[in-house]
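Okay, here's what each chain looks like letter by letter:
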Amino acid sequence: MAKARSSFICQNCGAVAVRWQGKCEACGAWNSLVEEAPSAGIGALAARSAKKGRVFALEGLTGESQPAPRLLSGMAELDRVTGGGFVPGSVLLIGGEPGIGKSTLLIQACAALARRGERVVYISGEEAAAQVRLRADRLGLSDAPVELAAETSVEDIIATLSAGRRPALVVIDSIQTMWTEAAEATPGTVTQVRCAAQALIRYAKLSGACVILVGHVTKDGQIAGPRVVEHMVDAVASFEGDGAHHFRILRNVKNRFGPTDEIGVFEMTGAGLSEVANPSALFLAGRDGSAPGAAVFAGMEGTRPLLVEIQALVAPSALGTPRRAVVGWDPNRLSMLVAVLETHGRVRLGQHDIYLNVAGGVKISEPAADLAAAAALVSSLTGAVLPQDMVFFGEVGLSGAIRPAPHANLRLKEAAKLGFSHAVAPPGPQEGEAARKNAGKNPATSLRPIRHIGEAIADIAALGRATAPRPARAAG
Ligand code: TYD
Ligand code: MG
């Protein structure tokens, strides 16, 4: 038999190379190849024990499928993201940058469940038990009967968990610190992470416990380690936020048992994470509606409407190639919108620097934000102050036509709740009908239906003429 050679495994994507290279050929990551032991890796075990398979019985689709009751954490925002509670026997991976609050969120969820009599085990591979205890003490959770351990050996963890009463919830903080004897690679490498995750997933399926894995993220926000772990688990959520703001968003990326576009909003306080039941009010707090260049977008995040302010600054450029800087929105979408405004709205932006920002650090991916962004751009360019009580939504097509956005009625309802009395949006087929009916019922929100970007620009220009005599206010 040929001598087994060690292989080099990309820590970003899991691709295997026979020699070290500066760049992974599979995913293009630089300096990500790490030498791993020869026997490590999927398939090594299969070669050793190639025994004949066992015959098992196959079942039909109409078999027994008693849905196990979900485990509600009692934190409404967390339960919203999991799609109505943790699913017994499932594995949830939570990723996020260091210090964002993953451990804090999970110890709070553990304490809430443990207080309701469930067996909850929290395994920390990063902090000593005393440190976890100290944090729980600070959060006022020390009385909750959470079972705690600082361990990193997967075999020991599974043996301990299997010994007592079946736990309802097991938190592994974090998967990158775990190691298993099944793989010979060093802890933290792709092979170890994959094997450790595999063992824990197997434990979850066999025992019926819900396992939560905490995952580190790389510099560009991906969950570190092989993408394959994301494929193996039942659900993936990412915990986002930035240092400048107190709020955190738990965003669902994958969910085998529920919708994927839900978000949970939390606020980091001195006493841990508190839930934000009305995120629109939080994101609009501190809004200064007296300056041009700000438009409120009535958006949707999953099944929940969310109002955010889009701010634009359009200024004559001193550079040959004007600057375009975007925070919280897609830069390609801005380029497209600028081209549409130039072509179909005769708005001249070619010689202007453009800065676009979604206030509060929120990231928007919905195409319906186009109209609000366009309104903010035109408002900044013309100096027209948009009415404080107006929201915008609608997708702008390349022809300049504005297409209806889904859930118009929910958006309008949220706008009415927050005291917005006007909405500028395209009329939709059925949604628009419902919206108009809703608007009729609630005279606080009147829908101004527009079909083309040109109409929106004409409206804003008219506003500009109305607000022009007061430039001092806009400047102050
Ligand atoms: P942590 O949960 O340890 O983050 P992660 O596990 O994602 O690395 O959170 C650490 C941060 O949270 C730290 O910067 C301090 C802040 N924090 C508060 O502001 N209030 C609190 O009550 C707690 C426990 C943490
Ligand atoms: Mg942590």
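Look above for the structure.
Structure report, in brief.

What counts and what doesn't
Residues numbered from 1 in each chain as written. Chains lettered and ligands numbered in written order. Predicted model: local features only at pLDDT ≥ 70, side-chain atom pairs only at ≥ 80, totals over all residues. Heavy atoms only, no water. Buried < 20%, exposed > 50% of the residue type's maximum accessible area, 1.4 Å probe, protein only. Helix = DSSP H or I, 4+ residues; strand = E, 2+ residues; numbered from the N terminus. Near = heavy atom within 4 Å. Polar contact = N/O pair within 3.5 Å; in protein donor to acceptor, adjacent residues only side chain to side chain. Areas by Shrake-Rupley, 256 points an atom, 1.4 Å probe, with all protein chains shown as cover. Nonpolar A, V, L, I, M, F, W, Y, C, P; charged D, E, K, R; others polar. Axes fitted to C-alpha atoms, helices over the stretch in contact; angles between N-to-C directions. Parallel < 35°, antiparallel > 145°, perpendicular 65-115°, else oblique. Contact = heavy atoms within 4.5 Å.

Thoughts on helix H11 (residues 408-417)
For H11, the complete set of buried residues consists of Ala408, Arg411, Leu412, Glu414, Ala415 and Ala416. Gly419 lies just past H11 and shows a positive phi near 85 degrees.

A look at the environment of Gly419
Tracing the sequence through the fold places Gly419 in the loop between H11 and strand S20 (422-425). By relative accessible area, which is 52% here, Gly419 ends up exposed. Gly419 sits 30 residues away from Asp389 along the chain, and the two C-alpha atoms are 6.9 Å apart.

A closer look at the site of ligand 1
Taken together, 16 residues sit near ligand 1, with Gly99, Ser103, Thr104, Arg135 and Gly272 positioned nearest. Within the side chain of Ser103, a nitrogen or oxygen atom sits 2.6 Å from an oxygen atom of ligand 1. A distance of 3.0 Å is found between an oxygen atom of ligand 1 and a side-chain nitrogen or oxygen belonging to Arg138. Computed on the free molecule, ligand 1 has an accessible area of 560 Å², of which 72% lies beneath the protein chains in the complex. Put simply, the parts of the chain that give the shell around ligand 1 at least two residues each are helix H3 (102-115), helix H4 (129-138) and strand S11 (263-269). A total of 3 residues in the shell around ligand 1 trace back to one element, the largest contributor, which is H3. Considered class by class, the residues forming the shell around ligand 1 number 5 nonpolar, 7 polar and 4 charged.

What to know about the packing of H3 against H4
Interhelical geometry of H3 versus H4 gives an angle of 70 degrees and a closest axis separation of 11 Å. The angle between H3 and H4 places the two elements in the roughly perpendicular class. Facing H3, whose interface residues are Ser103, Thr104 and Ile107, H4 presents Val132, Arg135 and Ala136. Counted by class, the contact of H3 with H4 contains 3 nonpolar, 2 polar and 1 charged residues.

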